[in-house]
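Residue strings, one per chain:
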Amino acid sequence: MRVLVLGGDGYLGWPTAMHFSARGDEVVIVDNFAKRQWELEDGIEPLVAVPPLHRRVGQWEKVTGHKMLIRVGDLCNHRFVYTLLDDFRPEAIIHYAEQPSAPYSMQGREKAVYTQTNNIVGTLNLLFGIQHSCPDCHFIKLGTMGEYGTPNIDIEEGWLDVEHNGRKDRVLFPKKAGSFYHLSKVHDSNNIEFACRVWGMRATDLNQGPVYGIETEQTELAPGLHTSFHYDDVFGTVLNRFLVQAAIGVPLTVYGAGGQTRGYLNLRDTLQCVELAVDHPSERGEFRVFNQFTEQFSVNQLAEMIKAAGSRAGLGVQVNHIENPRVEQEKHYYNAKHSKLADLGLEPHLLTEQAMDRMLAVVRRHAENVNPKAILPRVRWLAGDKTEEAL
Ligand SMILES: NC(=O)c1ccc[n+]([C@@H]2O[C@H](COP(=O)([O-])OP(=O)(O)OC[C@H]3O[C@@H](n4cnc5c(N)ncnc54)[C@H](O)[C@@H]3O)[C@@H](O)[C@H]2O)c1
């Protein structure tokens with residue numbers, strides 16, 4: 001297949017590009033390297049330095065013989081998008097190319113506006129480009145479970161059947177996003193659903209939970225094929241952050257009471273889920289939503305699991321509760337459905353003791369690279385525009 005991987009220099013995009021290339025698909029990677037700029041702005045580095053994309057693609061070709069093309073450009077530039085789609089005519093587009101961090105978007109007005117402009121305009125340009133150049137193409141968009149928030153009812157997969165005053169309808173599940181970043185995904189979802197309904201586009205919105213993990217089958221093939229692993233307060237997801245804290249011997253920092261519950265998944269399962277979506281495209285006119293996670297945990301549960309992994313490794317891990325920089329419920333009902341990907345054949349890599357021990361061992365190997373100052377939260381939800389001064 002002709003597969004376009006947007007955001008292919010990123011944490012998820014690079015392993016995805018290798019995964020499809022390894023299957024023999026024709027892969028084009030798009031990125032504008034914005035993430036590398038955000039890292040510089042906030043003084044953040046991945047745990048292990050990531051070689052430039054061109055070098056990684058060169059290494060991939062050397063090791064496997066598979067070619068991948070790179071197109072450098074910004075999705076917010078519609079001419080770039082139109083030319084890209086006209087030239088390549090993809091059959092599937094996997095869209096990761098957005099600003100992915102809630103704290104980044106909460107640093108003040110400028111970053112909130114940037115996040116929403118980058119994410120929403122980039123996606124809109126793609127919708128128009130697809131309609132113009134490749135209307136049969138399957139658009140696979142990475143959304144987030146954070147679009148739903150933590151409602152006091154079960155979370156369905158995208159759609160909700162409602163009965164109101166004696167009448168029935170099927171509506172998009174109500175959203176209660178927790179940051180300007182999450183809201184950008186809500187707006188994306190609405191725009192994509194509209195394009196499916198009105199233009200007959202085919203799309204799958206993957207509402208993904210926080211991803212953990214470092215390794216995939218392809219990253220292990222040779223040195224230099226690894227993906228970025230962030231443990232900092234802005235781009236690091238909670239489990240990755242805790243692993244690093246355990247590895248360098250500082251207390252795990254649970255935000256507030258720690259009852260915040262979310263659905264998580266292994267990086268390897270992100271690849272499986274995206275592959276299942278590509279191989280089972282939605283129908284023309286269908287806006288399909290999958291909740292993409294495999295297990296749900298509270299932050300306290302994750303901290304306890306890492307503490308246990310630490311003791312198995314001979315590390316004394318301490319857990320501290322610190323003031324929550326976010327405005328969120330710290331104890332709440334959470335029951336999110338996630339059966340559609342399983343129905344398609346997803347075989348989860350669960351967070352077993354063995355998986356945890358392996359991740360901790362990998363992180364410990366690179367512990368000397370860690371900047372402990374980058375872990376504690378610097379962005380506060382209540383600070384509005386003042387936060388920039390604190391950074
Ligand atoms: N990592 C997670 O735990 C997670 C969880 C849920 C959803 N997601 C979503 O998955 C996607 C990928 O996440 P990630 O962790 O790999 O993020 P990432 O920041 O590592 O990768 C995103 C890539 O997109 C590129 N990009 C951003 N804006 C662009 C633009 N306008 N034009 C071209 N390239 C652009 C960046 O340079 C970066 O390389 C994001 O949309 C994110 O919101 C991630």
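To be clear, the structure that these remarks concern was listed above.
Here's a quick rundown of the structure. (Residues numbered from 1 in each chain as written. Predicted model: local features only at pLDDT ≥ 70, side-chain atom pairs only at ≥ 80, totals over all residues. Heavy atoms only, no water.)

### Comments concerning the site of the ligand
Right, on to step 1. The environment of the ligand is formed by 28 residues, the closest being Asp31, Lys35, Asn118, Tyr181 and Lys185.
Right, on to step 2. Here a nitrogen atom of the ligand and a side-chain polar atom of Asn118 are 2.7 Å apart.
Right, on to step 3. In isolation the ligand exposes 820 Å². Once the protein is present, 96% of that is buried.
Right, on to step 4. At the level of elements, α2 (34-42), β5 (138-144) and α7 (180-199) are the ones that each hand at least two residues to the shell around the ligand.
Right, on to step 5. A per-element tally of the shell around the ligand places α2 first, with 3 residues.
Right, on to step 6. Its residues placed into classes, the shell around the ligand shows 13 nonpolar, 9 polar and 6 charged. (Near = heavy atom within 4 Å. Polar contact = N/O pair within 3.5 Å; in protein donor to acceptor, adjacent residues only side chain to side chain. Areas by Shrake-Rupley, 256 points an atom, 1.4 Å probe, with all protein chains shown as cover. Helix = DSSP H or I, 4+ residues; strand = E, 2+ residues; numbered from the N terminus. Nonpolar A, V, L, I, M, F, W, Y, C, P; charged D, E, K, R; others polar.)

### Looking at the packing of aromatic side chains
Right, on to step 1. Across all of its chains, the model carries 9 aromatic pairs by this definition.
Right, on to step 2. Plain terms: the ring middles of Trp38 and Tyr104 are 5.7 Å apart, the flat faces sit at 50 degrees to each other, and that makes the pair tilted. You can see Trp38 sitting in helix α2 and its partner Tyr104 sitting in helix α5 (residues 102-105), a full 66 residues away along the chain.
Right, on to step 3. Judged by relative accessible area, which is 1%, Tyr104 ranks as buried.
Right, on to step 4. Judged by centre distance (6.2 Å) and plane angle (75 degrees), the ring pair of Trp38 and Tyr114 falls under edge-to-face. One end of the pair, Trp38, is in helix α2; the other, Tyr114, is in helix α6 (residues 109-133), and 76 residues separate them in sequence.
Right, on to step 5. In this structure, Lys35 is placed above the aromatic ring of Phe235, and the distance from its NZ or CZ to the ring centre is 4.8 Å. (Phe/Tyr/Trp six-rings, centres within 6.5 Å; stacked < 30°, edge-to-face > 60°. Buried < 20%, exposed > 50% of the residue type's maximum accessible area, 1.4 Å probe, protein only. Lys NZ or Arg CZ within 6 Å of the ring centre and 35° of its normal.)

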